[in-house]
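Structural description and commentary
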Amino acid sequence: KATAAQIRQEIKQEVEALAQKNIFPGLAVVLVGERPDSAVYVRNKKKACEEVGVKSFSVDLPADVSEADLLKVVTDFNDNPEVHGILVQLPLPDHINEHHILDAVSLEKDVDGFHPNNLGCLAMKGRDPMFVACTPKGCIELLDRSGVDIAGKHAVVIGRSSTVGIPAAHLLLNRNATVVICHSRTADLPEQVRRADIVIAAIGRAQMVKGDWIKPGAVVIDVGINSIPDDTKKSGQRLVGDVEFEEAKNNASLITPVPGGVGPMTIAMLLRNAVDSAIRFSEAPAKPAAKSM
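Residues numbered from 1 in each chain as written. Predicted model: local features only at pLDDT ≥ 70, side-chain atom pairs only at ≥ 80, totals over all residues. Heavy atoms only, no water.

Considering helix α2 (residues 36-52)
Condition: Elements are defined by DSSP. Helices are runs of H or I of four residues or more, strands are runs of E of two residues or more, and each kind is numbered from the N terminus. What a helix is expected to span follows from its residue count: subtract one and scale by 1.5 Å. Exposure is judged per residue with a 1.4 Å probe applied to protein chains only, and the accessible area is read against the type maximum: over 50% gives exposed, under 20% gives buried, and values in between give partly exposed. The directions from the helix axis to the C-beta atoms are what the arc is built from. Here, residues are in contact when the closest pair of their heavy atoms is within 4.5 Å.
Between the first and last C-alpha of α2 there are 25 Å, a value that for 17 residues agrees with the 24 Å anticipated at 1.5 Å per step. All of the buried residues in α2 are Ser38, Val42, Lys45, Ala48, Cys49 and Val52. Down the axis of α2, the smallest arc covering the buried residues is 120°, so these residues share one side. Away from the buried face of α2 by more than 90 degrees, exposed residues Pro36, Arg43, Lys47 and Glu50 are located. Where α2 is buried, its residues meet α1 (2-19), β1 (26-32), β2 (55-61), β3 (85-88) and α10 (262-283).

Describing the sheet that holds β3
For the record, the criterion: In this analysis, strands are considered paired if DSSP registers two or more bridges between them. A fitted line through C-alpha atoms represents every axis, and for helices the fit uses only the stretch in contact; the resulting angles, taken between N-to-C directions, go from 0 to 180 degrees.
Read from one edge of the open sheet, 3 strands run β2-β1-β3, paired in parallel fashion. Across the chains shown, the open sheet's two edge strands, defined by having one partner strand only, are β2 and β3. Strand-to-strand twist across the sheet, computed as the mean angle between neighbouring axes with direction ignored, equals 15°. Judged from the 7 bridges that link them, β1 and β2 form a sheet pairing that is parallel. In the strand pairing of β2, Val30 is matched with Val59.

Considerations on the side chain of Ser277
Note the following rule: Under this definition, polar contacts are N or O atom pairs within 3.5 Å; protein pairs additionally need one hydrogen-donor-capable and one acceptor-capable atom, and for neighbouring residues in sequence, both atoms have to be side-chain atoms.
With respect to the secondary-structure elements, Ser277 resides in helix α10. The buried category is assigned to Ser277, whose relative accessible area is 0%. Separated by 2.5 Å, the side chain of Ser277 and the backbone oxygen of His84 make a polar contact. Here the side chain of Ser277 touches Glu108 through a polar contact of 3.3 Å, landing on its backbone oxygen. Apart from residues lying up to four places away in sequence, Ser277 is in contact with His84, Glu108, Val111 and Phe131.

Overview of the sheet that holds strand β5 (residues 178-182)
As summarised here, the arrangement of the 5 strands in space is β5-β4-β6-β7-β10, forming an open sheet in which the pairing is parallel. The open sheet is flanked by β5 and β10 (254-255), the only strands paired with a single partner. In this sheet, strand β6 (residues 198-201) lies alongside strand β4 (residues 154-158) in parallel orientation, the contact comprising 4 bridges. The partner of Val157 across the bridge, within β6, is Ile200. Across the sheet, helix α7 (residues 165-174) lies against β4, β5 and β6, angled at about 170° from β5, the strand it touches most.

Next up, the structure:
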């Protein structure tokens, strides 16, 4: 939380400086349906925008919205010059093709970093994506700001999603780490993790990574956020990560808590991407006006 708060303060100062140049970053957030977790995420993103001075645009759509109507919302934001970044909160209802929606977001406004071109450029040597997905970007930023030297380290990424695991692995590889990608079908998962200097857990299974899997001195980034029963809580549940925190912290030199670890970093990187996009738009050459017939 402290690192994310520092980054938000830096962004706030940058936004104030940009305002002196008549540059006002704008972020559009689209929410479909009434999933409580998605609503909380969106509310936190809007609050973060307000805190740093990024203009927030939002559209809330019912769960039964048609794919065509959702595409129209995305297209309208693509065409809006005040919007520099577009985020469609995932997951989407089953009747909507997620790929169609993410592909429709303008590459220049894909602050989530989910467009195939951005993911593809990240995987190609010598190519730079316009945006990197916020959660893996936040993981690397956290390592950097914590003084962790990534080059030459043995890194294990647990999880192979296109939104976290795969881009995190590419980011580590690009920083000269030796990277192993593991998943739920990995036969010798405990032994793979025990070799790791850096562990990024993003498999979405509560406390799957046991404390005794962590090598002494290893750095652990826990991306997971899962609810488990807890009778001591008013809600009857509590949030935990993919790693057994209490046991793992005895071996790890650094470990992120859940909640309050990677989540705030993800939002901070979203703001970073939105501001970078506004700057990029401001520096782009003006398009010539259409000639009248």
